[in-house]
Amino acid sequence: MKKEQPSWWRPWVLPVLLVLGAIAVQELMRAQQPAPFSYSEFREAVAQGKVESVLLFPTRIDGHYKVGPGENPRTFSVVRVEDPALLEELTRHGVKVSGVVPDSPWMSIGMWLLPLGLLIFVNLARRGGSTEPGGYLAVGRSKARIYAEKDIPVRFSDVAGVDEAKEELSEVISFLQTPEKFRKLGGKIPKGVLLVGPPGTGKTLLARAVAGEAKVPFFSISGSEFVEMFVGVGAARVRDLFQQAQAQAPCIIFIDELDALGRARQAGPMPHEEREQTLNQLLVELDGFDPRIGVILMAATNRPEILDPALLRAGRFDRHVLVDRPDRGGRLAILKVHARSVPLEDPADLEALAGMTVGMVGADLANVLNEAALLAVRRNKDKVGRAELEEAVERAVAGLEKRHRVLNRLERERVAHHELGHALVGLALSGAESLRKVSIIPRGIAALGYTIQVPTEDRFLMTRQELMDRIAMLLGGRVAEELVFHEVSTGAQDDLLKATDIARSMVASYGMSESLGPVTFDDGKASPFLETGPSRVRGNYSEAIARRIDDEVRHLLEAQHARVRELLGAREAVLRKAAARLLEKETLSGEELAALVAEPGSGKPLEPPARDAA
Ligand code: ADP
Ligand code: MG
Ligand code: ZN
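Predicted, not measured: the structure shown is a model, and the values here were computed from it.

A. Structural context of the confidence of the model for the protein chain. Averaged over all residues, the pLDDT of the protein chain is 77; the fraction at 70 or higher stands at 75%. For the protein chain, the element scoring lowest by mean pLDDT is helix H4 (residues 105-127), at 52; helix H7 (residues 203-214) scores highest, at 95. Every residue in residues 455-459 scores below 50 in pLDDT, and together they form two contacts with partners more than four places removed in sequence or on other chains. Long-range and interchain partners of residues 608-614, a stretch whose pLDDT sits below 50, account for 12 contacts in this model, where long-range means more than four residues apart.

What follows is the structure, given as structure tokens:
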């Protein structure tokens, strides 16, 4: 006969009881502490010599006030803030410091050891020992800290090559300097500003510079430090952050690496509970605070596409500031900033250096100068010469090649003409205001250059003519290569794929082909070229129809190809001239390109060509 278990017994009961016990113990410890007050009040009390002794915990400070003889002891407790000057301040005012050495990991380990053990046990029971990252093995290394800094020494002049971003942020600064004035004028007050750009372009630096310029306190926390926390801790930390900041308005709250904590919430069997709780808390705080008290929320990310859409909604991080890779002029400006502390043999070398460092971001450039200075020291020179600079660039380029391709001169020429092909067609077909910029600064592994058109918002309806213009623009890169180099390269493959996709949709989905007539052959899926990836259009139709579709697609593409050849052929002079300019400057704005086109001797003016070329 089987041994009877009590009826309430289940395998999960024991771990649940243990966890409840652990929570109860923690709650009890918390309940015994006196009500918290703000960190700044605490610092004030220290400065006024009212504090007798403190006990430092990694996330909290408990302490005793000085009391007269016979009086009852008075205690306090306050959330701890990262504050490098604290220890010195405490010693200066003769406060007895005891307990944990600041920043010692041992205390936090000790504090968490008991519940950690329980949690591991529970997780083991629940997941059967899974070791997926973010599972129990990663737990307990939580280190998310709130950094509170007052007089930030960084200024806008320390950040270079990002003039557009600075311009957008200057409004934030004037708001922080005089929130009352803003309020009275009823200006639209910024609330959440998201800095978006590749790593090392100066996003963190820029956020600090905003605080430095506005002379306001800077509260920061890094998203990546949140990821390994216990359920509930991250959310509590976010709450603390907002509470402390609000008490010190005007100020800035900065969340660095927002993507680490603001990733889209996943549906699915095992959502990441801790991150979601933290993210939810952040959303709550975002909605709950009123920017009129003078708190600006800033965040930075290099992966905006993975952020939870809820974060980007109106009233949250709805203002986006692009911090892009610098072009040649930008690189020179950044080099000048960092060369302030590096003695150079010839300051003119920086110009050449800017030309040699295509694709590098601010952090890379700072590194190059640093490396060059070290080389000079090693060679017993008291100034950095051209040789050291060149050697430092070579080293940096070797590292850079792992991140994206570094093009040789011929490739760069080809990319410049290719991109201008796109841009000139775009300019001719839809005007200068639709073209934001052309660039040959590499972006990631795949894109060698890029042409940005406005508006970038999603289109839900497009006419036949617009679709054909779009195909024409896509073919522009390839045709420019044909005209100038008399052969095409592999660089146009992606363009061709997209153009073919549009043409196929026009024929098979939208009934826009004259020979096939107003029929659709697709299965009702969403328009394929508005998403990425090849079209999935393939309904039920015969081989004969399939062949007619293919013929029609080819016909459509060939007609657009001929149209673009004529259009660019008449503008070859300006194509070559603009390419030379682009090679030198690396980016051209829509207006700059339009101005080049308007110069005399640029060939045919760019009035819109005949609309029914197809
Ligand atoms: P991000 O946060 O975008 O990854 P950081 O702000 O951390 O980049 O930049 C790292 C360092 O690189 C900065 O501290 C600074 O020394 C240098 N740097 C980056 N961008 C710039 C810039 N635009 N101007 C001057 N220095 C820069
Ligand atoms: Mg950063
Ligand atoms: Zn292209």
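B. Structural view of the environment of Ala 580. Note on placement: Ala 580 falls in helix H20 (residues 572-585). Of the residues examined, Ala 580 reaches a relative accessible area of 46% and is grouped as partly exposed. Taking C-alpha positions, Ala 580 is 8.3 Å from Glu 413, a pair spaced 167 residues apart along the chain.

C. Here's a closer look at the coordination of the zinc ion (ligand 3). In the first shell of the zinc ion (ligand 3), the protein supplies His 418 (NE2), His 422 (NE2) and Asp 495 (OD), at 2.0 to 2.1 Å from the metal. For the zinc ion (ligand 3), the donor residues sit on a single chain with the sequence spacing H-x3-H-x72-D. Placement of His 422 in helix H16 (residues 409-430) and of Asp 495 in helix H18 (residues 493-508) is noted, with a sequence separation of 73 residues between them.

D. Expanded view of a nonpolar patch on the surface. Together, Trp 12, Val 16, Leu 17, Leu 20 and Ile 23 make up a nonpolar patch on the protein surface, roughly 510 Å² of accessible area in all. Tracing the sequence through the fold places Ile 23 in helix H1 (residues 13-31). Judged by relative accessible area, which is 44%, Ile 23 ranks as partly exposed.

E. Focus on the pattern of salt bridges. Evaluation of the coordinates by the stated rule reveals 27 salt bridges. Across the pair Arg 565 and Glu 482 runs a salt bridge whose closest N-O atoms are separated by 2.8 Å. With Arg 565 in helix H19 (residues 543-569) and Glu 482 in helix H17 (residues 464-485), this residue pair connects regions lying 83 residues apart in the sequence. Looking at Arg 565, the relative accessible area reads 36%, which means it is partly exposed. Judged by its relative accessible area of 14%, Glu 482 falls in the buried class. For the salt bridge of Arg 576 with Glu 572, the shortest nitrogen-to-oxygen distance reads 2.9 Å. Taken as a pair, Arg 576 and Glu 572 lie in helix H20 at a separation of four residues, close to a single helical turn. Where salt bridges share partners, they join Glu 345, Glu 371, Arg 379, Lys 381, Glu 388, Glu 391 and Arg 395 into one cluster.

Conventions adopted
- Residues numbered from 1 in each chain as written.
- Chains lettered and ligands numbered in written order.
- Predicted model: local features only at pLDDT ≥ 70, side-chain atom pairs only at ≥ 80, totals over all residues.
- Heavy atoms only, no water.
- pLDDT = per-residue confidence, 0-100.
- Helix = DSSP H or I, 4+ residues; strand = E, 2+ residues; numbered from the N terminus.
- Contact = heavy atoms within 4.5 Å.
- Buried < 20%, exposed > 50% of the residue type's maximum accessible area, 1.4 Å probe, protein only.
- Donors = N, O, S within 2.8 Å, 3.2 Å for Na, K, Ca; no water.
- Patch = residues over 30% accessible without salt bridge, like charges linked within 9 Å, V, L, I, M, F, W, Y side chains within 5 Å.
- Areas by Shrake-Rupley, 256 points an atom, 1.4 Å probe, with all protein chains shown as cover.
- Salt bridge = Lys/Arg side-chain N within 4 Å of Asp/Glu carboxyl O.

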